[in-house]
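Each chain, written out:
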2 protein chains.
Amino acid sequence: MPTIKDIAEMANVSRTTVSRVLNNSGYVSDEVRKRILKIIEETGYVPSEHAKSLRTKKTKAIGVILPKISTETSSRLVSGIDEVLAEKGYQILLANTNLNKEKEIEFINLLKSRQVDGIILTATNINDELINEIKRVSMPFVVIGQEIPGVSNVLYDDYHAARAIISLFIEKGHQKIAFIGVDESDRAVGYWRKKGYLDVMKEHGYSVEPEWVQKGIFDIQSGYDAMKRIMEQSKIRPTATFAVTDRLAIGAMQYLKEKGYAIPADMALAGIGASEISHYVSPSLTTVDYLNEEAGKAAAKLILDKILKNDSSIKKITLNYRLLIRDSV
Amino acid sequence: MPTIKDIAEMANVSRTTVSRVLNNSGYVSDEVRKRILKIIEETGYVPSEHAKSLRTKKTKAIGVILPKISTETSSRLVSGIDEVLAEKGYQILLANTNLNKEKEIEFINLLKSRQVDGIILTATNINDELINEIKRVSMPFVVIGQEIPGVSNVLYDDYHAARAIISLFIEKGHQKIAFIGVDESDRAVGYWRKKGYLDVMKEHGYSVEPEWVQKGIFDIQSGYDAMKRIMEQSKIRPTATFAVTDRLAIGAMQYLKEKGYAIPADMALAGIGASEISHYVSPSLTTVDYLNEEAGKAAAKLILDKILKNDSSIKKITLNYRLLIRDSV
DNA sequence: CTGTTAGCGCGTTCAT
DNA sequence: ATGAACGCGCTAACAG
């Protein structure tokens, strides 16, 4: 790999001059410029970003920490982030925690050591250690999906989305509504979506049997298992079920179809996420579209504002959602 | 951000000593080590990877160029790559071409300027410019999905996978088989999968009507459109259709269901990709699982071998596939 | 066991 | 219009 020094020597000029044509700064005669450009072309010389970063303190790279790479949510998010970032010549440095909470902190430091210009974290939980770490890094930081104090957040409206679904069920005449959730350490998905469910039920004066409230993890199988428990254990059988993610809902649907229950006649069903698959199962699944790409774009814009405009304000952006009413209700 | 110099001053030692405790190299008294570590802890100091890279010529980062971020194939691939890379402390620097061929070359240079230790490219086409560019970069390079001469490749067995599907159709008694493909500039998906189809048809002496061979792009809608053309234009109506991707097949399925055709009675259907959705449509779609995660892992291992073991050999790895026979045939 | 020195590749004054 | 000299933060001989 040639360096600026090599190019300078080959062109019989100083490194400074080469640097000038590289950055279009200062004066340099046309003749010399042509000569230098030609040599750069021939050698395939590319200036080292590291050396540059060392001087300029800028890397044009943004660290993106994800809980899981291969999910639709993540890939849409990254796609949105990349779209906005690429426009300004920024790149993504990826970090995948695989749902391991300690890794979130580890990666924040790793990205810091790589001198990224900013970090976007898709959080799955909130804990003090994490909050402290974020405060310590003192660099542009945006959190997606969880409301963490002291930093800019891009949030989904989990509470109201959940309320919207339960309200829809009630509109359709349901009163006995079951719930498949996840652990509440995930405030957004676990806590707020559940609260939306419970609040609406309470406001309407509908009781919630303990067997109706089940918990799974983030996969299809656990949705299946949860629905099985609901159907087998409930003394009063519910007529509708709200699963906090599409995957859980799809799993629940599998169980119901397998056992010969009609959807939505015997059991109405809804999820959240607007996964592609939700569209193509039969019956098609009622769900909420969180517009992940928009979230990614919003986060990227936020971080670019912080970097480019030196905007250090703390913003909370709550995104819109779209209720997609389909055949499962 | 404190530097090694700051830490050294605070600890009343030289930068070298700090560097030693940082890298566990050379001797340093326990007392001094403790003192330094304490200060590092307190200040939240993290050494700059850029400065380090500048010296060591290593970045522990691998550039990954993708044609599109938010597809199942990509995310599985990245997931597999990351799994292997993370184990060795390497990170992914992401570059998304959005199917823009010129960007492939642009990104190769960009990644080069970032001094990544290697590049993994998921190629969608083969052209001389690209081949030349890859040869020029002279750094560990692995291409996934297309057979590019002169570099290590991880390949899917497109030809035989296509053959397997057509053979399956024929086994089930089909003789009039249609085809939905993509442009042949994509050698792997466009050319080889088509060749597999044509060859098997020819070997069995079955004719292929021109209307049976349609072309789409990579989305569901174009699968729908292609199937529409097949059904509306064919003088002799086929009884089975092979679409080169699941998305095309799903689109085709949509059309058939909409028009009231029974699957597989009126028309059998198969795709390639083993997308999650293929499992949950009804009828479930027969498809080929390309084990993208394995491909990602294989590519990552190849590149790590090149980097860590200085292995400069050119390898071609052709992956296995699994035929998933489901209800659509 | 610890410090001094040099240099990685680049951008940036400041001279000329 | 061009170059010399310096320093970004770090590691790696080499001395002691």
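Residues numbered from 1 in each chain as written. Chains lettered and ligands numbered in written order. Predicted model: local features only at pLDDT ≥ 70, side-chain atom pairs only at ≥ 80, totals over all residues. Heavy atoms only, no water.

Caption draft 1: Structural detail: the sheet that holds strand β9 (residues 268-270) of chain A. Residue and element names in this part refer to chain A. Here we have four strands laid out as an open sheet, ordered β7-β6-β8-β9, and parallel in their pairing. Every interior strand has two partners, whereas the edge strands, β7 (213-215) and β9, have only one. In this sheet, neighbouring strand axes are inclined to one another by 15° on average, regardless of whether the strands run parallel or antiparallel. Pairing geometry for strand β8 (residues 240-243) and β9, over three bridges, is parallel. Pairing of F242 across the sheet is with A270, part of β9. In the packing of helix α11 (residues 246-258) onto the sheet, contacts are made with β6 (177-181), β8 and β9, and the angle to β9 comes to roughly 155°. (Pairing = 2+ DSSP bridges. Helix = DSSP H or I, 4+ residues; strand = E, 2+ residues; numbered from the N terminus. Axes fitted to C-alpha atoms, helices over the stretch in contact; angles between N-to-C directions. Contact = heavy atoms within 4.5 Å.)

Caption draft 2: The arrangement of the pattern of salt bridges in detail. Under the counting rule described, the total for this entry stands at 34 salt bridges over all chains. Here D305(A) ties to K309(A) by a salt bridge, and the two come within 3.4 Å at their closest N and O atoms. Measuring nitrogen to oxygen at the nearest pair gives 3.0 Å for the salt bridge that ties E184(B) to K194(B). Residue E184(B) is found in the loop between β6 (177-181) and α9 (187-203), and its partner K194(B) is found in helix α9; the two are separated by 10 residues along the sequence. Each of E83(A), E294(A) and K297(A) takes part in a single network of salt bridges with overlapping partners. (Salt bridge = Lys/Arg side-chain N within 4 Å of Asp/Glu carboxyl O.)

Caption draft 3: Representation of the domain arrangement of chain A within the structure. When cut into domains, chain A gives domain 1 (4-55), domain 2 (61-156 + 292-321) and domain 3 (158-289). Between the C-alpha centres of domain 1 of chain A and domain 3 of chain A the distance comes to 62 Å. (Domains from an automatic or database assignment.)

Caption draft 4: Fine view of the protein's contact with DNA strand D. Surrounding DNA strand D, one finds 27 residues, the nearest of these being R20(A), R55(A), I4(B), Y45(B) and R55(B). Each atom of DNA strand D within 4 Å of the protein was classed as base or backbone; sugar and phosphate made up 57%. In the model, a phosphate oxygen of DNA strand D is placed 2.8 Å from a nitrogen or oxygen of the S14(A) main chain. A distance of 3.2 Å separates a phosphate oxygen of DNA strand D from a polar atom in the side chain of N23(B). Elements represented by at least two residues in the surface near DNA strand D include exactly α2 (15-23) and α4 (49-56) of chain A together with α2 (15-23) and α4 (49-56) of chain B. The dominant element in the surface near DNA strand D, judged by the number of residues it contributes, is α2(B), at five residues. When its residues are assigned to classes, the surface near DNA strand D shows 10 nonpolar, nine polar and eight charged. (Near = heavy atom within 4 Å. Polar contact = N/O pair within 3.5 Å; in protein donor to acceptor, adjacent residues only side chain to side chain. Nonpolar A, V, L, I, M, F, W, Y, C, P; charged D, E, K, R; others polar.)

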